[in-house]
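Residue strings, one per chain:
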Amino acid sequence: MTENQAEWPLYEVFIRSKRGLNHVHVGSLHAPDAELALRHARDVYTRRNEGVSIWVVPSADITASSPQEKDPLFAPSGDKVYRHPTFYDIPSNVPHM
Amino acid sequence: MQVDEAPLEKAFDATIGAGDRIEPRDWMPEKYRQTLIRQVAQHAHSEIIGMQPEGNWITRAPSLRRKAVLLAKVQDEAGHGLYLYSATETLGVSRDELTRRLIEGKQKYSSIFNYPTLTYADVGSIGWLVDGAAICNQVPLCRTSYGPYGRAMIRICKEESFHQRQGYELLMTMMRGTDEQRAMVQESVNRFWWPALMMFGPPDGDSPNTAQSMEWGIKRHTNDELRQRFVDMSVPQAEALGVTFPDPELQWNEERGSYDFGEPDWDEFWQVVKGNGPCNTQRIAHRKAAYDDGAWVREAALAFAAKARADEND
Ligand SMILES: [Fe+2]
Ligand SMILES: [Fe+2]
């Protein structure tokens, strides 16, 4: 086996399973370029009509929040309970709310 | 810099304890990572090597329908291998490294794929018994503690039911045929029954990693539990098909509400695991040849992509 030949880059695959739904991450695959990544994604992730649309994104281009800083990053939403509908008491005789 | 791992380990244990999933960028004990790499890679390799015994019959399938089914099934196994390789890579190993470890014999694959497929009935026996045993193993793994592994298993399990049913249907069709065809089915089942039981791994007493894997939520049931479940599921299926299993000790145990069964030949199992099964050498040689023969395609595709990028920048 050739040792140091470059590996095909990694792409993350996102699939819209049907109209009206978001694209959802389904996994990853290797491909030499974006066009072939799309073709491979069709073969690997949609053999049974699992999708109507595919996105592929080079994994290296994804910026992610770090799990270590998850507490400070998400803390601001923790104390804003007033963002949730259940924060507000509405009498039960008020309809459609 | 030396990081204090105690609080990290506490957070990890709390996540596992709560039945939550561990995700790729979470801190995890090195042994958890290594155990997962070994298990998921071995699983991925099994899917990929598992294409060979059945692939052997694609060109000789008896009808266009059977050929289309077999092609789709083998293609699914390739897909399973790819889902699992991509899950393994999230643990910090490259695809090339995984392929190298397989070809160099440093990582294993399921011992079942070192048995030959001598007759067309073996395609049916593999679908029914080998995919059937795989389903028993895989369904609980959908809830395994490592997120990417569990998600790959969910995709795989959705596809496995077709694999088992097409195998069973193939055997049913042969059982409706001539005496010779029925004998061919029985002979095939005789060869695959014990190796299928061995797919669950050694008896619990000889499986030193099981306890830790269960504590970490990687495994959900012991080898012997799953083996028993498989036997209990398979016996009525064999009766419906009209075949028997080659085990004189196989009988219903009213008290346990399960079938008693004989002991697989564990010496044979360890021989096959150590590389001395009927097809070990052939399977790895074939995988290596496919990898080597494909090198020019991988290189040409990279060169083409590089040229397209350069042209765009001009
Ligand atoms: Fe599979
Ligand atoms: Fe399968």
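Structure shown above.
Residue indices follow the written sequence of each chain, beginning from 1 at its first position. Chains and ligands are labelled sequentially in the order written, the chains with letters from A and the ligands with numbers from 1. Given that this is a predicted model, residues contribute local features only at a pLDDT of at least 70 and side-chain atom pairs are listed and counted only at 80 or more, while totals for whole chains, interfaces and linings are drawn from all residues. With hydrogens and water excluded, all non-hydrogen atoms of the structure serve as input to the side-chain values.

Q: Report on the coordination of the iron ion (ligand 2), specifying residues and quantitative values.
A: All names here are of chain B. Here a donor is an N, O or S atom found within 2.8 Å of the metal, or within 3.2 Å if the metal is Na, K or Ca; sites may look incomplete because water is not among the atoms. Distances from the iron ion (ligand 2) to its protein donors, Glu-77 (OE), Asp-131 (OD), Glu-160 (OE) and His-163 (ND1), fall within 2.0 to 2.3 Å. Between 85 and 135 degrees for all angles marks four donors as tetrahedral; over 155 degrees for opposite donors together with 65 to 115 for all other angles marks four donors as square planar and six as octahedral; every other arrangement is irregular. One can describe the donor arrangement at the iron ion (ligand 2) as irregular, given that its four donor atoms subtend angles of 84 to 172° at the metal. Here the iron ion (ligand 2) and the iron ion (ligand 1) are spaced 3.2 Å apart, and both take Glu-77 as a donor. Within this pair, whereas Glu-77 is found in helix α4 (residues 64-89), its partner Glu-160 is found in helix α7 (residues 147-175), the two being separated by 83 residues in sequence. Judged on exposure class, the residue Glu-77 and its partner Glu-160 are both buried. Only DSSP runs of H or I covering at least 4 residues are called helices, and only runs of E covering at least 2 are called strands; the numbering of each starts at the N terminus. Think of it in three bands: with a 1.4 Å probe and only protein chains considered, a residue is buried below 20% of the maximum accessible area for its type, exposed above 50%, and partly exposed in between.

Q: Residue-level account of helix α10 (residues 223-241) of chain B, with values.
A: Think of an α-helix as 3.6 residues a turn; residues three or four steps apart then line up on the same face. Residue and element names in this part refer to chain B. How far a helix is expected to stretch is found by multiplying one less than its residue total by 1.5 Å. Helix length check: α10, at 19 residues, gives a terminal C-alpha distance of 27 Å against a target of 27 Å (1.5 Å per residue), a fit within 8%. Inspection of α10 places Asn-223, Leu-226, Arg-227, Gln-228, Phe-230, Val-231, Ser-234, Val-235, Ala-238 and Leu-241 among the buried residues, and these make up the whole buried set. Throughout, a contact is declared for two residues whenever any of their heavy atoms are within 4.5 Å. As for α10, its buried residues are in contact with α6 (121-141), α7, α8 (179-198), α9 (210-215), β2 (258-260) and α11 (266-276). Downstream of α10 by a residue or two, Gly-242 has a phi angle that is positive, lying close to 90°.

Q: So what's going on with the pattern of salt bridges? Which residues, and what values?
A: What counts as a salt bridge is simple: a side-chain nitrogen of Lys or Arg found within 4 Å of a carboxyl oxygen of Asp or Glu. Applying the stated rule across the entire model yields 24 salt bridges over all chains. Asp-76 of chain B is paired through a salt bridge with Arg-48 of chain A; the nearest N and O atoms lie 2.4 Å apart. Residue Asp-76 of chain B is located in helix α4, and its partner Arg-48 of chain A is located in the loop between α1 (34-45) and β3 (53-58); the two belong to separate chains. A salt bridge links Asp-260 of chain B to Arg-256 of chain B; its shortest N-O distance comes to 2.7 Å. A relative accessible area of 25% places Asp-260 of chain B in the partly exposed class. Ionic contacts of the salt-bridge type, sharing partners, join the residues Arg-47 and Arg-48 of chain A together with Asp-76 and Glu-159 of chain B into one network.

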